[in-house]
Amino acid sequence: GNNNFHYFSSLSLLFFENKRVIIIFFIVYIFYPAMAASKKKSKSPKKSGKTNPSEPFPAPVKNTINDDTEEESIHDRTDAIMADAGGDSADDIPDIIDKDSDELDDNNSGQEKAVDRNKPKVSKKEKYEKESMENMIPFMDTFYQLSSEESPRDRSVAARDLIRHCFFSGNDSTEAINHKDAAYALTRLMNGLCTGRAASRQGFASCLSTFLRVVYSPAINRDSIKFGSALNEILQEDAYAQSLKEKTDSGSDDLDSAMIMRKKLLSTTEFLHSGEKDSKKNKFGKKMKGMEERDHAFGRLFGILAIVRSGILGLETFPSSVVEGYVQDIIDLYHYKKWMREPAAHAVIELVSSLESDATTTKLTNDIIIPNLLLSSSTDEDGTPIEVDSSDKTKWMQQLTAEQIAVALNLQRHSHQINTYKSPLHEPLLTEKSVCTLAAALAATSNVVHPRCHVVWNAIWTYLTEEVESLEKAETSLATAGETILPQSQMARRTLKRAENGLIIEKIIHHVVVSLLLGKGEESISPTHERRSLALRIIQTLIGSKDMNIVIPSSLIENILCPTVVEGVFLNVMCASGGLAKKKAKSTGAGNDGRGVEHYLKPLTSAALLRLSDHSSADDFVNRRMALAKALLTSDPRFDMLTKTQTVSSILMLERNVSEKLQGFEKQQVLELWDSYVTFLEEQIIKAKNLHSATSFIELMYKLAKKDLSAAPAEQARRVARFFMSGSFFDCLSLTPPQAEKNTPSKSKKKGRKSDPTKASEQSDIPRELSSGLRIKELLSASDQKVIPQPIRSLMSARFFSLMSDFISTINTQHRGRKTNQFYKGDKSQAVYHALSEVCGICSLLESSGAKAFHSMCHENNDDEEENPMGASERFLRQVQNFADETLVRECNGSNHTDKSQSSLATGCASLMMSLSLQLYTCVKSEHSDKEEEDNTEEDYEAIHEYISDLAEIVTEFKDVISDSSKIELNDDNENPMASMATLVVSILTSPIGGEDAGSKNPVRASASKLTREVIKMAWSGAISVITDLSESDDAAAKLFDEDVMNTVVESVCGSPSEVGPDSNEEEDGESDEESAVFVEASKIDMNLDDSKENDSTSAQRDEDIDAEDDVELDSSQLENMLLEDSDVEMGESGQLEHHEGADAALAQLIKLKQDAKKAAQSQREQVELRNRLRCAMLLDSLFSVSVFKSNVLPVEAVLGSLVPILRARKVIIKSIQTTPDSSLAKKSLSDKNALLDRLSSIVKERISKYRCKHELLSSDTSLKASVEIFEEISHSLNVADCSCSSIALITALRCVSDVEDSDQVKEIYSNAVKDWSMKKATKIHTCVFDDLVQRMPSLAAVVLIEPLCTAAKESVASFIKSESIRVLSIIYKHGTGKPQHDAEHNAEHSLSQKAISTMKDNCRNVASLLTGVLNNQSMKAKHRDEVLNATKLFIQYVKSNKAVNTGSSELVPLKEALEFVTNESKGSGTKQLCTQVIEVIAEVLDTIGQETTTKAAKKGKTPKKSSKKAKK
């Protein structure tokens, strides 16, 4: 079936030659299957079958030199054609040569099935041979199977059966050889080499190689002294051999079987040389075409290589003249065509490598290869090579081709043979000086595209490297899953033969890769895709290839991966677009205008980057990986970001979850790698030439530190923090370690001798706290710098505070669910306290060791300590730290139950003071800062000192309250420490120290304020916990949460009362609209500004904003530009501008410009205010926590009093969001508004809603007052979300009302709510108000909602109101049928009271009548009727489960009839099914009621008889 096309193609060609042949082909085509079947047992073919019947003509093939598949490439050494059947290669031929000596390991008795113990065992090999003999392919069919391209295995099986038929078909070895068939097979195999159809060359060449190996094997030539006698016997049956012998003298060497075979091959593969005048004829007498000539040329090449790979050329008895002849034949192929040069050169290398005798190799080199190949650059008209003068070696090397270089280097790969060669190979060809001369020829090999590389490069790497003899577990790689480092399988490595070879590789990179392939040399050569691909292959082979497994020294990696190479090979490719492919996609309309089309080399480059981290040795793990990372990061620190890969991260083991699972030695190696990485980053930061470069390396260092924080002890993170702190806060040039002061020599001894800058850092007794400072000093001295530039210091300072914030966040995360954390003992507040104490201790040690703080140089201090703010702050800090240490000691002793809360307060306040003191180091005046920045810095410096002193006073007040409970009673003498704490933390959070400053240009503020906010939360929580613990022993402690505390905290989040008032927003909006209108009118050109009249409100508003407008700066040249740009502006004679109406337009534009600037400043201030309010929300979160609510330390007034301000603040924000214009300035604060709105909603719904007041603390007056105010907010709600939030707040207030179900005021609230909701068309009350009440307080909902909802459903005209009222009623009745929950607290809140149960039962008749009337209403929409039906189902279930309800047949029968009416009128199957179910339940209820009525009547009729009996008695 696969040959049908071939038959028909042959048929069409023969039609023009002889019409009679057509009949023959039809007969062959039709009867061939039967003929083949009849010849299965035939041992020899017919004599007439001299040619391949399956291939009378060569099939057309592609014009490429790579006709063979990758599995059977003649250039691939892995194609071991004589390997066993179970070998690695898919095209291997099973070994059938030596049956006696080739024994398999079949001693495993578990794999054998021995039925009889006396029966001899059958080995796997014998079993396999038996099966193969039974399924042998007929001899003639094997030739067709050799051309199969479906599977290499099919070709190998065909070759096996062919050789078995020719050599092993008999019982005796002498009778086994079928000489006639073997001769026929040899001819057919050589003819098949000239065919390009399918996989003929691969299959026939592989079979020919095995054929010759078998012919020369000892198993075939047992009785012969000289190997090859079997071949001589076979050639006796060959017609060509016999005719050749007849023409040749008997004593000539041409009669040797090896020479006859060579001449037979040359005759079979004869082709037309370019110098021949007579054209060679094909089999049909016609002139040979170019395609046929090419096939024959390749057939000769494949035939010679098959002979080479058979191994017979290395035999001692093999004639040397034949070997020389084969070498000359290959050289002739080399000179045949340019595209034949590389395969021919590879063939020469293969042939020479197969020779075992050095003498033979030397003779071939000197006699044939050097004169005919290396000293000839071209051929003349007759095909004779033209010799080149080798006296001028430089000129000779310039004329060498890449193929000649490959052959020469292969011959010189063994240094002991160089001296035996003639000139010019008597000296090494590839040297450090000759690379420049050979560079052009090497770069020209870029036309060989991926995945194949030119043979010269393999020759170069083989020449420069050598295999390591011992196999060691040196190769390590990162596993694909990224979890652990695993050793690779043992494999030989290649290392440099000599150290000088490293210089040769550097020259190759410089002259070939950089100058020619990447186009960075003097000659302007554009780097094409092919050149980039070759450059990538070279780099990949040297750095990250597993093919040759070259391991170069780590010191050579940075020279190979120089910035030019990294940029040209990796960055330019990974960052480039699709190029031509993108343009093509745009022109054809494919894709999204070419978007998404990647660079041609991007997949190849990505694969190369993935292999970089895998190619590292265990004995040089740290140095090699560090060298790779240095090379890539030196080129561009953002390498991973630009290439969108994880190359550097994988090299440095920074990927997620990689280093966490490492243990033992592997973990130690990774830590050493990170330590070297930090050292490298320190050097790059200090010697950075610009801020951009320094920023990138600082970010890399911060990323490493953040990664290291995942597990204790985080030594690298600590080291990075010390480096950032020492470099940004201190001038380390004068830093001196304490140990070095004693042994410091005198100045006189130091003269005339330079000090070693690395001596200080190498001392083992240097404190770890000073190591970073001394390292900075060393690097500054090495780079001739006095100080780190201010912008870099600012960035280091910002990253220091960010790292400290991340450290605190990590501590908080690790502390959740644990009693202790990994870094420090104790809870999270104690861990943070220890961490900040360590940092502040390092600062003190640096200053005491000679380092000068930058902030101390900018702020002059007085000598008097009392007037020195820095000294006072340090004294306050020491006092609070001493108090914190005392509380920690007491907590360890466990003497008092309040010790833990006291330690939380003390450590929290001490941590806050230390974070503020660290911010003092950032208050530095820059040389380039303006006056405004200097003033802001000075203000921040003073504010921090003031905060520290106030915090110290607050701690003292708390100590007094803790020690003496009588001071809790607040009066004029005793201040409330909690109020002071609230005022202080709000002040910090709303200031630039802990919040954000409008228009601030200081990059440190955001990072430093984040750290401050983290510790503020701890200090605030500590203060709350102290009061909570005190309230357990003294109820008066709750008085500390007085009105001042709540007002301060609530106003910080919600704003001042004037801002959240009900009418304030409307007035402000009116003023803003009026003001905007004035500017809009003024911006019109036609308006006369002199005649404009402004109302009083606008003028007053403008007068109030004069100061704000003065702060807006405008470019002084803008007004002049506006005037000059106008076309009708003229200049006077004096050169001054004359008044013109164009000036009015420019003035109007200037006014509009100033207005825009004012709006921008106002928007920025608004954004800062919103963010400050968001930050203060954490105070409310801590205050309204569950633990505080459980302690009942918060008064009812404090909780309920905060609800209305929060609800009103929400309304203001909602209005602001709804009225936000489409301008870009307004949209900047929109996200902050939404965030604050969500935060306020969360406080009400998730925090305050969980408040439960004790029964003895219930306050009806306060709660009812708050309820009325909250209901007013509900009545004016802006949307459903606002109404729902207010509804939850109302329920929270009602929970604090004693006997809430008996309160008439509560009933009035919900009755009015239902009335407003049902009667007013533009009502602001939504159904969620009633749903929330039913869900959270079902008992109260049953009492206050059933009657109003029934009335609303009856009186309302709208179908929606009717259906919603009935739905809410059904949910109320659904609670009457629910099962009790296991949670006691849930049952207490959701269980129905007796009053609620009675109310539900009493209103059952009304509800039933209501449902009947609504269902009989034909005007109701279908969706509303479905809602009523669902409600009816729930109600009937309640009636069924509660038998004592006040509902009889007089109500249920009409309801049943109404349901039947709906069933008949409805068209939907779902509605009918629901009605049927409800009708069945009603029928059951009616039956139950009828049975109960009958029973009662029977009991009433029997009662008189009993009484009469008693009377008789």
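The structure displayed is predicted, hence computed values, not measured ones.

Reading the values: rules and limits
Residues numbered from 1 in each chain as written. Predicted model: local features only at pLDDT ≥ 70, side-chain atom pairs only at ≥ 80, totals over all residues. Heavy atoms only, no water. Helix = DSSP H or I, 4+ residues; strand = E, 2+ residues; numbered from the N terminus. Buried < 20%, exposed > 50% of the residue type's maximum accessible area, 1.4 Å probe, protein only. Contact = heavy atoms within 4.5 Å. Areas by Shrake-Rupley, 256 points an atom, 1.4 Å probe, with all protein chains shown as cover. Phe/Tyr/Trp six-rings, centres within 6.5 Å; stacked < 30°, edge-to-face > 60°. Expected span 1.5 Å × (residues − 1). Salt bridge = Lys/Arg side-chain N within 4 Å of Asp/Glu carboxyl O. Core = buried A, V, L, I, M, F, W, Y, C linked by side-chain atoms within 4.5 Å. Axes fitted to C-alpha atoms, helices over the stretch in contact; angles between N-to-C directions. Parallel < 35°, antiparallel > 145°, perpendicular 65-115°, else oblique. Left-handed = near helix turned anticlockwise from the far one by under 90°. Nonpolar A, V, L, I, M, F, W, Y, C, P; charged D, E, K, R; others polar. Disulfide = S-S within 2.5 Å. Polar contact = N/O pair within 3.5 Å; in protein donor to acceptor, adjacent residues only side chain to side chain.

Undergrad: Would you mind showing me how to read the overall build of the protein chain here?
TA: For the protein chain, the helix and strand inventory stands at 66 helices and nine strands. Going through the 1513 residues of the protein chain one by one, you find that 49% of them count as buried. Sequence-distant contacts in the protein chain: of pairs separated by 6 or more residues, those separated by 24 or more amount to 73%. Counting only carbon and sulfur atoms, one obtains 49% of the accessible surface of the protein chain, whose full area is about 74600 Å².

Undergrad: Would you mind going over the packing of aromatic side chains with me for this structure?
TA: Aromatic rings considered in pairs are described by the distance between their centres and by the relative angle of their planes. Taken as a whole and judged by the stated rule, the model has 21 aromatic pairs. Ring geometry for Tyr-1373 against Phe-1435: centres 5.4 Å apart, planes inclined by 90°, an arrangement best described as edge-to-face. Pair noted here: Tyr-1373 is in helix α60 (residues 1359–1375) and Phe-1435 is in helix α64 (residues 1422–1441), with a separation of 62 residues, a long-range link. The buried category is assigned to Tyr-1373, whose relative accessible area is 0%. Their ring planes at 65° and their centres at 4.9 Å tell us that Tyr-1373 and Tyr-1438 sit as a pair that is edge-to-face. With Tyr-1373 in helix α60 and Tyr-1438 in helix α64, this residue pair connects regions lying 65 residues apart in the sequence.

Undergrad: Help me understand helix α8 (residues 200–215) in this model?
TA: Each turn of an α-helix holds 3.6 residues, which means side chains three or four residues apart point in the same direction. Taking 1.5 Å of rise per residue, 16 residues should cover 22 Å, and α8 covers 22 Å from first to last C-alpha, within 8% of that figure. Of all 16 residues that make up α8, 15 are buried, and the element is covered over most of its length.

Undergrad: In this structure, what is going on with the pattern of salt bridges? I would like to understand it.
TA: Side chains that carry opposite charge are capable of pairing whenever their charged atoms lie near each other. In this structure the tally under the stated criterion is 36 salt bridges. Among the ionic pairs, Lys-363 bridges to Asp-367, the shortest N-O distance being 3.4 Å. One end of the pair is Lys-363 and the other is Asp-367, both in helix α15 (residues 358–374) and four residues apart, which spans about a single turn. By relative accessible area, which is 42% here, Lys-363 ends up partly exposed. For Asp-367, a relative accessible area of 37% corresponds to the partly exposed category. Its salt-bridge partner being Asp-1282, residue Arg-1210 comes within 2.9 Å of it at the nearest N-O pair. Of this pair, Arg-1210 sits in helix α52 (residues 1203–1218) while Asp-1282 sits in helix α56 (residues 1280–1294); the two residues are 72 residues apart in sequence, bridging distant segments of the chain. Like Asp-1282, Arg-1210 is buried. If you follow the salt bridges from partner to partner, you end up with Asp-675, Glu-682, Glu-683, Arg-719, Arg-775 and Glu-778 in one network.

Undergrad: So what exactly am I meant to see when it comes to the environment of Leu-1429 here?
TA: Assignment of secondary structure puts Leu-1429 in helix α64. Distance in space between the C-alpha atoms of Leu-1429 and Cys-1475 is 7.3 Å, their sequence separation being 46 residues. For Leu-1429, the residues in contact, after removing those within four places along its chain, are Leu-1415, Leu-1459, Val-1462, Thr-1471, Leu-1474 and Cys-1475.

Undergrad: It is not clear to me how the nonpolar core should be interpreted in this structure. Could you clarify?
TA: Taken as a class, soluble globular proteins show a tendency for nonpolar side chains to be buried jointly. Residues Phe-167, Trp-1020, Tyr-1310 and Leu-1345 are the most contacted members of the largest nonpolar core, which totals 388 residues. Ranked by the residues each element gives to this core, the list is headed by helix α42 (residues 1004–1033), at 13 residues. Excluding residues that lie within four positions of it along the chain, Tyr-1310 makes contacts with Leu-1290, Ile-1291, Leu-1294, Val-1329, Leu-1333, Val-1344 and Leu-1345.

Undergrad: Looking at this structure, I do not really get the side chain of Glu-957. What am I missing?
TA: Secondary-structure assignment places Glu-957 in helix α40 (residues 931–963). Not counting residues up to four positions away in its chain, the partners in contact with Glu-957 are Glu-975, Asn-976, Pro-977 and Ser-980.

Undergrad: Before we go on, may I ask you to explain helix α26 (residues 621–635) in this structure?
TA: When the terminal C-alpha atoms of α26 are compared, their 22 Å separation across 15 residues agrees well with the 21 Å that a helix rising 1.5 Å per residue should span. In terms of burial, α26 is a largely internal element, 11 of the 15 residues being buried. Of all the residues in α26, the buried ones are Phe-621, Val-622, Arg-624, Arg-625, Met-626, Ala-627, Leu-628, Ala-629, Ala-631, Leu-632 and Leu-633.

Undergrad: Could you clarify how one ought to interpret the packing of helix α12 (residues 290–310) against helix α14 (residues 341–354) in this entry?
TA: Closest axis-to-axis distance for the α12/α14 pair is 10 Å, and the angle between their directions is 20°. As summarised for this structure, α12 and α14 are arranged roughly parallel, according to the angle between their axes. The element α12 and its partner α14 pack so that their crossing is left-handed. On the side of α12, the interface is formed by Leu-301, Leu-305, Val-308 and Arg-309, while α14 contributes Pro-343, Ala-344, Ala-347, Glu-350, Leu-351 and Ser-354.

Undergrad: What's the story with the packing of helix α63 (residues 1404–1415) against α64 in this structure? I'm lost.
TA: Packed helix pairs are specified by the crossing angle of their axes together with the interaxial distance, meaning the distance between the axes. For the pair α63 and α64, interaxial distance at closest approach is 11 Å and the crossing angle is 150°. Taken as axis vectors, α63 and α64 run roughly antiparallel relative to one another. At the point where α63 passes α64, the crossing takes the left-handed sense. Of the residues in α64, those in contact with Cys-1404, Val-1407, Ala-1408, Leu-1411, Val-1414 and Leu-1415 of α63 are Arg-1425, Val-1428, Leu-1429, Thr-1432, Phe-1435 and Tyr-1438. Each residue belonging to the contact of α63 with α64 can be placed in one class, and the counts come to 10 nonpolar, one polar and one charged.

Undergrad: Would you explain unusual backbone geometry in this entry?
TA: What you tend to see is this: most non-glycine residues have negative phi, and most peptide bonds are trans. The omega torsion of the bond from Ser-423 to Pro-424 falls at 10°, within 30 degrees of zero and hence cis. Among the secondary structure elements, Pro-424 is positioned in the loop between α17 (402–411) and α18 (435–443). Positive phi, close to 60°, is recorded for Met-653, a residue that is not glycine. In this structure, Met-653 sits in the loop between α28 (647–651) and α29 (664–686). Assessed through its relative accessible area of 0%, Met-653 is described here as buried. Unlike most non-glycine residues, Asp-1299 shows phi in positive territory, near 50°. Among the secondary structure elements, Asp-1299 is positioned in the loop between α56 and α57 (1304–1319).

Undergrad: What am I meant to see in the state of the cysteines here?
TA: By definition, a disulfide is the covalent link that joins the sulfur atoms of two cysteine residues. For the structure on display, the rule yields zero disulfides. For the unlinked cysteine Cys-843, the closest cysteine sulfur is that of Cys-840, found at 6.0 Å. Of the residues examined, Cys-843 reaches a relative accessible area of 1% and is grouped as buried. Considering cysteine sulfurs only, Cys-1296 is the nearest to Cys-1253, which forms no disulfide, with 5.0 Å between them.

Undergrad: So what exactly am I meant to see when it comes to the environment of Tyr-921 here?
TA: Mapped onto the elements of the fold, Tyr-921 is located in the loop between α39 (899–920) and α40. If we skip the residues at most four places from it in the chain, Tyr-921 touches Phe-729, Phe-730, Cys-843, Glu-847, Ala-853 and His-855. Here Glu-847 takes part through its side chain, which lies 3.5 Å from a polar atom of the side chain of Tyr-921.

Undergrad: Would you mind showing me how to read the side chain of His-511 here?
TA: In this fold, His-511 is placed in helix α20 (residues 500–517). Those residues in contact with His-511 that sit more than four places away from it in its chain are Val-435, Cys-436, Ala-439 and Leu-516.

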